[in-house]
Structure formats: C-alpha cells, structure tokens
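Survey of secondary and tertiary structure
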Amino acid sequence: MKYGFIGCGNMGSALGNALSLTTKDILFCDRDENKAKTLAQKLGCRHGSAKDAANCCEAVFLAIKPQTLDGALEEIKDILITNKPVIITMLAGVEISTLQAKLSDEIPIIRIMPNTPVRIGKGEILYCRNSNVTDFALSAFLGDMKFAGSFDFIDEALMNVGCAVSGCGPAYMYMVADAVAKGAEKLGIDYDLSLRLAARTMLGSAQMLLETGERADKLKTDVCSPGGSTIEGVKVLENGEVYNLFADAVEAAYKRNEELGKH
C-alpha cells in the first residue's frame, strides 16, 4: 500500500521510521513543512501536503493530537470521503464511531494505540478496526508494520484501558528504574551503572513473564527466599501500598483517555 502520514511528531516519526524498513512508498506531511521534509529525506521517502496524502495514498495515518482533529480534517474531508483510503488513527480517546461521524460510515478505519518503544522496534501496539477494513487490508498493514513491534487486537471498548497500561506504561517503568537506580546510588554505586543494572533486570524479568507464562505474583514469590534480602525489600514496597499506587496510576490515565475522546 501507499502510505501517508499526517503529523510527524515523535510517534508519527517513530512509526514512519519502522514502516520505512518495509516500504519507501510513504508521503509525510506536517504543519511544520520543514519537519516533514527532513524526515522524508532521512528515510528516503516523499513529503507533501495533507491533500497530497489524501489524494494519492491508500492508507493515511492520523498522527495528530485529538484537539487538532477538526482542523486537520477541514481541508481533506471531502477527498477522504471520495477516495476512502484506510484511515489509521492513533488519536487518544477518540473512538472509531466518532471519526466515522466526522467523515463517512463507509470509511475503513484501523485504530491503533502504540507506545514509545516503537522507536527501537520494541513497541506494543494495540489495534482494532471497523467492518469496512478488509482482512486483506488489515493483513497488509500488519505485515508492513512488522518492524514497529508487537501488535495485539483488543476490543475497542477496552482500548482506553489498554492504552493506560501499554501506552502510558513506559513512563511507569522508567520511574521504577530511576527510583531503584537512585536507591543504589545512595549506597555507593554510580547512577549510570545502577540504571543499567535496573534496566537489564527489568528486561530479563519481562522476558520471564512472557516466556514462562507464569503469573507475576508467582514469579515474585519465587525470588523471595524466606529470611532473605528480597523479602525485606518487598515488605517495604507492600507496606507502602505500591500495588495500589500503580493501580491508581492506570485508572487516572484511563480517565484522561476518556476525557480526551469527548473533545
């Protein structure tokens, strides 16, 4: 497929970079024309206007903020309705039905929620689609985006919750790594080394979860030898209600996703 990106911010650029490893048939556009031109030249692709993307592309990414949607659609709405490219939206909180109401019930739409590790090909991307997207088009899209990371289908009703986990989750993980590293730094280990230790430990632990299929609480217990050092650290975290804090963080992010979809 020929792809167009409307928006070349951090996420649009990251997804565009991943896609360019499969195809160079991509057109980038942005309100900042120089940003689109620079990205296109870097990736060996093209740049142009939103109208160009709507006119010549079979799939168009809406890599913009929800608050700017109406303005972005203003000049290309009629073209999209006529040409019916596959719309790939990553607008936080904005449901497929909302986008259809602004365009047409006949527009094929894939909704995705990526996270920032897409930048290194390790992203977690949630997706759903409307009935106008054919199996062939979906398969082609997923195949072309294979270098972005892992794609998981989710019911759209749960998309805002899922985004609060995988979309927002990297920030939580970075906070954990930073906190652990600073704790070790206070006890004498250089911060940079402490951060590497924390990051690699998180990476290995994540792989254990994925490859063993065991529950997180079971794996935690396996590390906690009776009378050992791990259990003392775990007691501090549990007494500080760390579980409740993370659950509250996910809920707060979910509620904000819901609010964004109402604007």
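Now for a quick tour of the structure.

What counts, and at which threshold
- Residues numbered from 1 in each chain as written.
- Predicted model: local features only at pLDDT ≥ 70, side-chain atom pairs only at ≥ 80, totals over all residues.
- Heavy atoms only, no water.
- Core = buried A, V, L, I, M, F, W, Y, C linked by side-chain atoms within 4.5 Å.
- Buried < 20%, exposed > 50% of the residue type's maximum accessible area, 1.4 Å probe, protein only.
- Helix = DSSP H or I, 4+ residues; strand = E, 2+ residues; numbered from the N terminus.
- Contact = heavy atoms within 4.5 Å.
- Pairing = 2+ DSSP bridges.
- Right-handed = clockwise from strand over helix to strand, strands pointing away.

1. Quick word on the nonpolar core
By size, the foremost hydrophobic cluster in this structure holds 62 residues, and its most contacted members are Leu15, Phe28, Phe61, Ile88, Ile112 and Phe141. No other element matches helix α1 (residues 10-20), which puts five residues into this core. What Phe61 contacts, discounting residues up to four positions off in sequence, is Tyr3, Gly4, Phe5, Ile6, Leu15, Leu19, Ile88, Met90, Ile112, Phe141 and Met145.

2. Some thoughts on the pairing of strand β2 (residues 26-29)
A two-sided burial pattern is seen for β2, the buried positions comprising Ile26 and Phe28 on one face and Leu27 and Cys29 on the other. One ladder, built from four bridges, connects strand β1 (residues 3-6) with β2; its direction is parallel. Within the sheet, the bridge partner assigned to Phe5 lies in β2 and is Phe28. In terms of handedness, the path from β1 via α1 over to β2 forms a crossover that is right-handed. Viewed along the sheet, the connection from β2 through helix α2 (residues 33-43) into strand β3 (residues 46-47) turns out right-handed.

3. Focus on unusual backbone geometry
Although it is not a glycine, Lys84 sits at a positive phi angle of roughly 50°. Note on placement: Lys84 falls in the loop between α5 (77-83) and β5 (86-89). A positive phi angle, close to 55°, is found at Glu241, a residue other than glycine. One can find Glu241 in the loop between α12 (229-239) and α13 (242-260).

Function cannot be inferred from these measures alone, as they are strictly geometric.
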